[in-house]
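Reading the structure
Single-letter residue listing:
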Protein chains: 2
Amino acid sequence: MSEKQPRTRIQQKNRELILEAALDVFSTEGFRGATLDQIAAQSGLSKPNVLYYFSSKEAIYTQLLSQLLDTWLDPLRALESDGDPIDEIVDYALRKLEMSREFPRESRLFANEIVQGAPRILDQIEGPLRDLVNAKAAVISDWSSAGRIAPVDPHHLIFSIWSTTQHYADFDVQVRGILNPEGESHFNDAQTFLKLLYTRLLSPGAP
Amino acid sequence: MSEKQPRTRIQQKNRELILEAALDVFSTEGFRGATLDQIAAQSGLSKPNVLYYFSSKEAIYTQLLSQLLDTWLDPLRALESDGDPIDEIVDYALRKLEMSREFPRESRLFANEIVQGAPRILDQIEGPLRDLVNAKAAVISDWSSAGRIAPVDPHHLIFSIWSTTQHYADFDVQVRGILNPEGESHFNDAQTFLKLLYTRLLSPGAP
DNA sequence: GTCTATAAGGTGATAGAC
DNA sequence: GTCTATCACCTTATAGAC
């Protein structure tokens, strides 16, 4: 079902070179916009050589997507039902923001895929992702019922955390174009803002 | 500087047919992913005929982009300094959400463009968009200083409104894949959530 | 394992008849 | 204004020498 297993050290190394280059190219050009020429040039290998390690352009892309989705959901998996509710949710948002800072290419790869209708990853969304989200939404819902956080729609809360945090990776060009920072990072301000946003939203005693 | 002016009624009609079809195709495939064949088929015209009305594929795309950016910013322009601060900001968010509901293709067109580095619209972002955002951020900042809303970073507040609202258009496939609605709309829940989110964020008396 | 050469099909754009 | 035919280029993928 998966790609052939790498055997030698050089095979392993070259496969990683290709995936690293492909992440660069696919994340900024999308699947259709990327070319094997670009990936080959970026990886330092020849085009036929790239196709020696992966059977097709699509094989590289789907390999990237599937191995990334797992890591991408780690922050949500880490949301625990036995912690302090507001801390758990705020920390989740901050972990997601940290992912946008550290792995913007991965975020944009997913963004490209989803904006274009998720033709190659829809199954994963309606399966594993959906289940995980529903499980965590139930946890949040319990906190809400118990009065430990202000009443809130758990699914839309999760969507808002995704969108506000991934925005700093996916729309990075726009954010920087507006804030016009000469190299300085806006992530600290974003962090402060998001902490405030979700603390105020969830603190009990709101309407 | 712009395209040739349409003269006859049939020219006007065909140009609109093409732009409408192009919006469909570009918004789901991105610039590189879209083909003239698709646009021609979708518009009901032949491929050479499409190129009779627009000099190139790129001409269609840039025409779409520039005429859309203007409408896209209308909700922000409508934010007035002499209204009730919280109402103004919440209403702005709701207007943006309404745009996502009514014009998801336009939202995705921009999303595709920005995620891929905004190669054809960066000037507009660093120019008119930046100026408008800074002007409105100043208004919000004044409200904050006057104690009429809780202290908040105005730029990141605007970013969060963009991201949370456009998410329902740009990541529509994901949202529906998770909520799994059999045709029923989730926009009402989104509306309730966003109203809550920004009301709680901005109500004076928060930490 | 890596290369050059090339096949095979797609794609943007133009020519020229009507 | 619209069509058919077609060019020139790009892109994925394979063949086969080394």
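**With respect to the domain arrangement of chain A**
Residues and elements named next belong to chain A. For chain A, the domain assignment lists domain 1 (1-55) and domain 2 (66-202). Counting each side, the surface lost to burial between domain 1 and domain 2 is near 710 Å², with a carbon and sulfur contribution of 56%. Looking at the side of domain 1 facing domain 2, the largest losses of area belong to Leu23, Ser27 and Phe31, adding up to 62% of the total buried there. Applying the counting criterion to the domain 1 and domain 2 interface returns 2 salt bridges. For the salt bridge of Asp24 with Arg105, the shortest nitrogen-to-oxygen distance reads 2.4 Å. Linking domain 1 to domain 2 there are 3 residue pairs in polar contact (both at pLDDT 80 or more). Tallied by class, residues from the side of domain 1 that touches domain 2 come to 4 nonpolar, 2 polar and 2 charged.

**Focus: the protein's contact with DNA strand D**
Around DNA strand D, the surrounding shell holds 18 residues, and the nearest of these are A:Lys47, B:Gln11, B:Arg32, B:Ser46 and B:Tyr53. Among the atoms of DNA strand D close to the protein, meaning within 4 Å, 67% are from sugar or phosphate groups. The side chain of B:Asn14 places a nitrogen or oxygen atom 3.2 Å from a phosphate oxygen of DNA strand D. In the environment of DNA strand D, a phosphate oxygen lies 2.5 Å from a nitrogen or oxygen atom belonging to the side chain of B:Tyr53. Listing elements by their share of the surface near DNA strand D, those giving two or more residues are helix H3 (47-53) of chain A together with helix H1 (9-33) and helix H3 (47-53) of chain B. Its residues assigned to classes, the surface near DNA strand D comprises 8 nonpolar, 7 polar and 3 charged.

**Section: the protein's contact with DNA strand C**
The environment of DNA strand C is formed by 18 residues, the closest being A:Gln11, A:Arg32, A:Ser46, A:Tyr53 and B:Leu36. Counting only atoms of DNA strand C within 4 Å of the protein, the fraction found in sugar and phosphate groups is 66%. At 2.6 Å, a side-chain N or O of A:Tyr53 approaches a phosphate oxygen of DNA strand C. Backbone polar atom of B:Lys57 to a phosphate oxygen of DNA strand C: 2.8 Å apart, as the coordinates give it. Contributing elements (two or more residues each) for the surface near DNA strand C: helix H1 (9-33) and H3 of chain A together with H3 of chain B. When its residues are assigned to classes, the surface near DNA strand C shows 8 nonpolar, 7 polar and 3 charged.

**Describing the side chain of B:Ser160**
Mapped onto the secondary structure, B:Ser160 falls in helix H8 (residues 154-170). At 2.8 Å, the side chain of B:Ser160 forms a polar contact with the side chain of B:Tyr198. If near-sequence neighbours (up to four positions away) are discounted, B:Ser160 is found in contact with A:Thr164, A:Phe193 and B:Tyr198.

**Digging into the packing of helix H6 (residues 104-115) of chain B against H8(B)**
Residue and element names in this part refer to chain B. Contact geometry of H6 with H8 gives a least axis separation of 8 Å together with a crossing angle of 105 degrees. Considering their axes alone, H6 and H8 lie roughly perpendicular with respect to each other. For the pair formed by H6 and H8, the contact residues are Pro104, Ser107, Arg108 and Ala111 on the first element and Gln166, Ala169 and Asp170 on the second. Classifying every residue of the contact of H6 with H8 by side-chain character gives 3 nonpolar, 2 polar and 2 charged.

Definitions and cut-offs
- Residues numbered from 1 in each chain as written.
- Chains lettered and ligands numbered in written order.
- Predicted model: local features only at pLDDT ≥ 70, side-chain atom pairs only at ≥ 80, totals over all residues.
- Heavy atoms only, no water.
- Domains from an automatic or database assignment.
- Buried area = accessible area lost by both parts, 1.4 Å probe.
- Salt bridge = Lys/Arg side-chain N within 4 Å of Asp/Glu carboxyl O.
- Polar contact = N/O pair within 3.5 Å; in protein donor to acceptor, adjacent residues only side chain to side chain.
- Nonpolar A, V, L, I, M, F, W, Y, C, P; charged D, E, K, R; others polar.
- Near = heavy atom within 4 Å.
- Helix = DSSP H or I, 4+ residues; strand = E, 2+ residues; numbered from the N terminus.
- Contact = heavy atoms within 4.5 Å.
- Axes fitted to C-alpha atoms, helices over the stretch in contact; angles between N-to-C directions.
- Parallel < 35°, antiparallel > 145°, perpendicular 65-115°, else oblique.

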